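Residue-level structural notes
Take a look at the letters that make up each chain.
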Amino acid sequence: MFDLIIRNANLPDGRKGIDIAVKDGKIAAIEASITAAAKEEIDATNRLVSPPFVDPHFHMDATLSLGLPRMNVSGTLLEGIALWGELRPIVTKEELVDRALRYCDLAVTQGLLFIRSHVDTSDPKLVTAEALLEVKDRVKPYIDLQLVAFPQDGYYRARDGVASLERALDMGVDIVGGIPHFERTMDEGRASVEALCRIAADRGLPVDMHCDETDDPLSRHIETLAAETVRFGLQGRVAGSHLTSMHSMDNYYVSKLIPLMAEAKINVIPNPLINIMLQGRHDTYPKRRGMTRVRELMEAGLNVSFGHDCVMDPWYSMGSGDMLEVGHMAIHVAQMAGIEDKKKIFDALTVNSAKTLGLEGYGLEKGCNADLVVLQAIDTLEALRLKPNRLAVVKHGKVIARSAPRIGEIFLDGRPSKIDGGLDYVPIRN
């Protein structure tokens, strides 16, 4: 007898009518018409069953702080940074832990079970690191949380930036971050990339840098990051987040840059919601979109994964913890509306992001961890269109969250009484 069987599932790879059997927290069988019994069964009713969503770029220390100590009136990146600089010295560990745990509750209901969060290390008190290390331990049974030592005010620019980052790593923060474009000069930005990659190599840690989050086409720290990745033998362990300056770069230069990034096996993390909101603010018209070159990077074979970045914080007043909302925006901003495009977008929220985080046992194959999400949609394309309810969220074979189907009732003569948007409006595909 199995612990759990999910029956009649449609899978992201196109397989339909599949049963998924779970035993001891692992997928024990995944095939059509499993005849064995289980202690618990879920009928997916020919809906999509996916591995959980993965957010490779988030700021959990700031989440749900919208309005503290005041609102971001301009809605710009720089005012958001200034606002966080006002809040950071007065925030308490207890408040940080409470907000982060509340966000994790929300994430679970959205089927988001893996998160990489940047932790601001600019304040030498490191209350943020203390708080999120506690949160990481408390949510371990249901969310895998990775933490990045992130010198928000600049590794060199902040007075105690160098020492504070090292202390955060000593405390147990497990990824080296940076923000080279926010240093005082381009040269100090270049030097910070070199220094931070050296630290990662010496400690055996991954790297994840906010890199070139600007409209300036001359902000080219990603080139340095690719070179230092190769120099220190960090291929595949380095992520460049945002990379919005690539949107504005000369095409000839980019034709050189992307192969360098591919050689270094850089993991690319655009953040569609934030990038489209914050970039192009100095433009009148035409106004730049500001997101990096997603299609071209994917076509070059780079691993591209999308981050949520922010939810209700000084930088972004929107957000719901729904990675499908992120993918929905990516389709529009990257102009990737084709069927194969959308499949790639869904992968960027799941398997690509799992690769960025170096997750083991992730996926929908026999022997993988039984971490699963049942969605009120027939396939990945419809999931991106509808952003549907998560009917069940499973962690290590245990159901940890449920949502009722979204059903609309109609009171009109001669018309249906109920509407299920996930089944009643399915597109015709040849």
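Residues numbered from 1 in each chain as written. Predicted model: local features only at pLDDT ≥ 70, side-chain atom pairs only at ≥ 80, totals over all residues. Heavy atoms only, no water.

In the annotation of an unreviewed UniProt entry, the entry for the chain reads Cytosine deaminase, and the organism field reads Rhizobium hainanense.

**Concerning the sheet that holds strand 2 (residues 18–23)**
Definition in use: Pairing between two strands is assigned when DSSP locates at least 2 bridges connecting them. Labels follow the DSSP assignment, with helices taken as runs of H or I lasting at least four residues and strands as runs of E lasting at least two, numbered in each case from the N terminus. Each axis is a line fitted through C-alpha atoms, taken for helices only over the stretch in contact, and angles between the N-to-C directions span 0 to 180 degrees.
With mixed pairing, the seven strands of this open sheet are ordered in space as 3-2-1-4-13-14-15. The open sheet has two edge strands, strand 3 (26–32) and strand 15 (398–402), and neither has a second partner. Recorded for the sheet is a direction-independent mean angle of 25° between the axes of neighbouring strands. In the sheet, strand 14 (residues 390–395) pairs with strand 15 via four bridges, with the strands oriented antiparallel. Across the sheet, residue Val394 finds its bridge partner in strand 15, namely Val399.

**Considerations on the UniProt feature "domain: Amidohydrolase" (unreviewed entry) in the chain**
We count it as follows: UniProt positions are given in the numbering used here, feature names are shortened, and annotations may be inferred rather than shown by experiment.
Feature annotation in UniProt assigns "domain: Amidohydrolase" (unreviewed entry) to the following positions: residues 40–400. Within residues 40–400, the helical portion is 39% and the strand portion 18%, while the C-alpha atoms at the span's ends are 13 Å from each other.

**Some thoughts on the pattern of salt bridges**
Short version of the rule: By convention in these notes, a salt bridge is any Lys or Arg side-chain nitrogen within 4 Å of a carboxyl oxygen on Asp or Glu. Each residue gets one of three labels from its accessible area relative to the maximum for its type: buried under 20%, exposed over 50%, partly exposed in between, using a 1.4 Å probe on protein chains only.
Under the criterion given, the structure shown has 34 salt bridges. Ionic pairing is found between Asp123 and Lys125, a salt bridge with its closest N-O pair at 2.9 Å. Classification of Asp123 as buried rests on a relative accessible area of 14%. Here the salt bridges do not stand alone but share partners, grouping Asp187, Arg190, Glu194, Arg198, Glu228 and Arg231 into one network.

**With respect to helix 10 (residues 323–333)**
This is how it is decided: Nitrogen and oxygen atoms within 3.5 Å of one another constitute a polar contact, given that in protein one can donate a hydrogen and the other can accept it, and given that sequence-neighbouring residues count only through two side-chain atoms.
Regarding helix 10, the residues found buried are Met323, Leu324, Val326, Gly327, Ala330, Ile331 and Val333. N-cap assignment for helix 10: the residue whose side-chain oxygen lies 2.9 Å from the backbone N of Leu324 is Asp322. Gln335 lies just past helix 10 and shows a positive phi near 55°.

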